[in-house]
Amino acid sequence: MEKQELLYEGKAKKVYATQDPKFLIVAYKDDTTAFNGLKKGTIQGKGVINNRMSNLLMSRLEQQGIPTHLVEELNDRETLVKKVSIVPLEVIVRNIAAGSFSKRYGVEEGVVFDAPTLEFSYKNDALGDPLLNDDHAVALGLASREELALIQTYALAVNKVLGRIWAECGVILVDFKVEFGRLGDGAIVLADEISPDTCRLWDAKTHEKLDKDRFRRDLGGVEAAYVQVMERLANSL
């Protein structure tokens, strides 16, 4: 597949058309943002790491019966994917209180939940990605109840698989955000990416943050953290 015109450029990726309308090429950037784009910066080498990590993890998820948009990795920064229409929902699965959950509900960071907690937010930067429930999503025409049920099933299955994978690396999967899309026939598949940009990852022994929170909170050592989790993952697979 050859890269053709640029269709879309987001905060962390560019999306290009190919000669086949069923496929796109995603190119990962080193640019990074936080707080709905209010904080901007660059994490050197992030695009290469996120591209590789997403593809490794999606391949494992495919093996476990979770369909994804992944076709093949083309090079360090680019991947061929199936064209999908993104369901405008951010699907967040939380295993431990952190980030906006702790701030919103006054729960101390680090509290382990009895069971995974799943949230939907409306993928809309202008509105600040507000939280919503199933009824809201249906009322807004974002997804059907059947699609929402399937998305929840897939998201919780993703949590189980990723939790095991990261545990083998000595890493705790605190929480993560995923997105889903519809193929041309309407089938729901996992899309977007799985990376330290979209997951909270803590060292299992020290609880050191190994993810984008190092950028959000000005902790320093951002590039080193991304490299470390990528090396741990590569060595475990």
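Remember, predicted model here, so these are calculated numbers, not experimental data.

Thresholds, definitions, all that
Residues numbered from 1 in each chain as written. Predicted model: local features only at pLDDT ≥ 70, side-chain atom pairs only at ≥ 80, totals over all residues. Heavy atoms only, no water. Helix = DSSP H or I, 4+ residues; strand = E, 2+ residues; numbered from the N terminus. Rg over C-alpha atoms; globule rule 2.2 N^0.38 Å. Buried < 20%, exposed > 50% of the residue type's maximum accessible area, 1.4 Å probe, protein only. Areas by Shrake-Rupley, 256 points an atom, 1.4 Å probe, with all protein chains shown as cover. Pairing = 2+ DSSP bridges. Phe/Tyr/Trp six-rings, centres within 6.5 Å; stacked < 30°, edge-to-face > 60°. Lys NZ or Arg CZ within 6 Å of the ring centre and 35° of its normal. Expected span 1.5 Å × (residues − 1). Arc of directions from axis to C-beta. Contact = heavy atoms within 4.5 Å. Core = buried A, V, L, I, M, F, W, Y, C linked by side-chain atoms within 4.5 Å. Axes fitted to C-alpha atoms, helices over the stretch in contact; angles between N-to-C directions. Salt bridge = Lys/Arg side-chain N within 4 Å of Asp/Glu carboxyl O.

Draft legend 1. Fine view of the overall build of the chain. When helices and strands are counted, the chain shows six helices and 14 strands. A compact globule built from 237 residues would reach a C-alpha radius of gyration of about 18 Å, and the chain, at 17 Å, matches this within 12%. By principal-axis analysis of the C-alpha atoms, the chain measures approximately 50 × 40 × 35 Å. In the chain, which comprises 237 residues, the share counted as buried stands at 49%. Accessible surface for the chain amounts to roughly 11,200 Å². Of this, 51% is attributable to carbon and sulfur atoms.

Draft legend 2. Fine view of the pairing of strand E9 (residues 89-96). Among the eight residues of E9, eight are classified as buried, and the element is accordingly described as predominantly covered. Sheet topology note: the E9/strand E10 (residues 112-122) ladder contains seven bridges and is antiparallel. If you follow Ile 92 over to E10, its bridge partner there is Glu 119. Looking at chain direction, E9 and strand E12 (residues 171-182) are connected through four bridges and run antiparallel. Bridged to Val 93 within E12 is Phe 176.

Draft legend 3. Structural detail: the packing of aromatic side chains. Enumeration according to the criterion identifies three aromatic pairs in this entry. Taken together, a centroid distance of 5.0 Å and an interplanar angle of 65° make the contact between Phe 101 and Phe 113 edge-to-face. Residue Phe 101 is located in helix H2 (residues 99-105), and its partner Phe 113 is located in strand E10; the two are separated by 12 residues in the primary sequence. There is no split in this pair, since Phe 101 and Phe 113 are both buried. Over the face of the ring belonging to Tyr 16 we find Lys 3, whose NZ or CZ atom lies 4.7 Å from the ring centre.

Draft legend 4. Just unusual backbone geometry, in detail. With a phi close to 50°, Asp 129 is a non-glycine residue in the positive phi region. Even without being a glycine, Asp 192 presents a positive backbone phi close to 60°. With relative accessibility at 15%, the residue Asp 192 sits in the buried group.

Draft legend 5. Spotlight on helix H6 (residues 222-236). In this model, H6 (15 residues) spans 22 Å end to end at C-alpha, consistent with the 21 Å of a helix rising 1.5 Å per residue. Those residues of H6 that sit buried are Val 222, Ala 225, Tyr 226, Val 229, Met 230, Arg 232 and Leu 233. Taken end-on, H6 shows its buried residues confined to a sector of 160°, consistent with a single buried face. Residues of H6 that are exposed and angled more than 90 degrees away from the buried face: Ala 224 and Asn 235. On the buried face of H6, the contacting elements are helix H1 (46-63), helix H4 (145-168), E12, strand E14 (199-203) and helix H5 (213-216).

Draft legend 6. Fine view of H4. Its 24 residues give H4 an end-to-end C-alpha distance of 35 Å, which sits within 8% of 34 Å, the value for a rise of 1.5 Å per residue. Along H4, the residues classified as buried are Glu 147, Leu 148, Ile 151, Tyr 154, Ala 155, Val 158, Asn 159, Val 161, Leu 162, Ile 165 and Trp 166. Among the residues trailing H4, Gly 170 stands out with phi positive, at a value near 75°.

Draft legend 7. Up close: the nonpolar core. By size, the foremost hydrophobic cluster in this structure holds 48 residues, and its most contacted members are Trp 166, Phe 180 and Leu 233. Broken down by element, the residue count for this core peaks at nine residues, all from H4. Once residues within four sequence positions are removed from consideration, Phe 180 is found in contact with Ile 86, Val 87, Val 91, Ile 151, Tyr 154, Ala 155, Ile 188, Val 189, Leu 190 and Ala 191. In this structure, Val 15, Leu 24, Tyr 28 and Val 81 belong to the second largest nonpolar core, which totals five residues.

Draft legend 8. A look at the sheet that holds strand E6 (residues 70-73). Taking strand neighbours across the sheet as the criterion, the five strands line up as E1-E2-E3-E7-E6 in an open arrangement whose pairing is antiparallel. Looking along the sheet, the strands with just one partner apiece sit at the ends: strand E1 (6-9) and E6. Pairwise comparison of adjacent strand axes, ignoring direction, gives a mean angle of 25° for this sheet. Packing against the sheet, H1 makes contact with strand E3 (23-28), E6 and strand E7 (78-82), and its axis sits at approximately 135° to E6.

Draft legend 9. Seen up close, the pattern of salt bridges. Tallied over the entire structure, the rule returns 24 salt bridges. Between Arg 94 and Glu 119 there is a salt bridge, and its shortest N-O distance comes to 3.1 Å. Of this pair, Arg 94 sits in strand E9 while Glu 119 sits in strand E10, and the two are 25 residues apart along the sequence. Among the residues examined, Arg 94 registers a relative accessible area of 3% and is labelled buried. Accessibility expressed as a relative area gives 7% for Glu 119, which makes it buried. Taken together, the shared-partner salt bridges in this structure form one network comprising Arg 94, Arg 104, Glu 109, Glu 119, Asp 175, Arg 200, Lys 209, Asp 213, Arg 216 and Arg 217.

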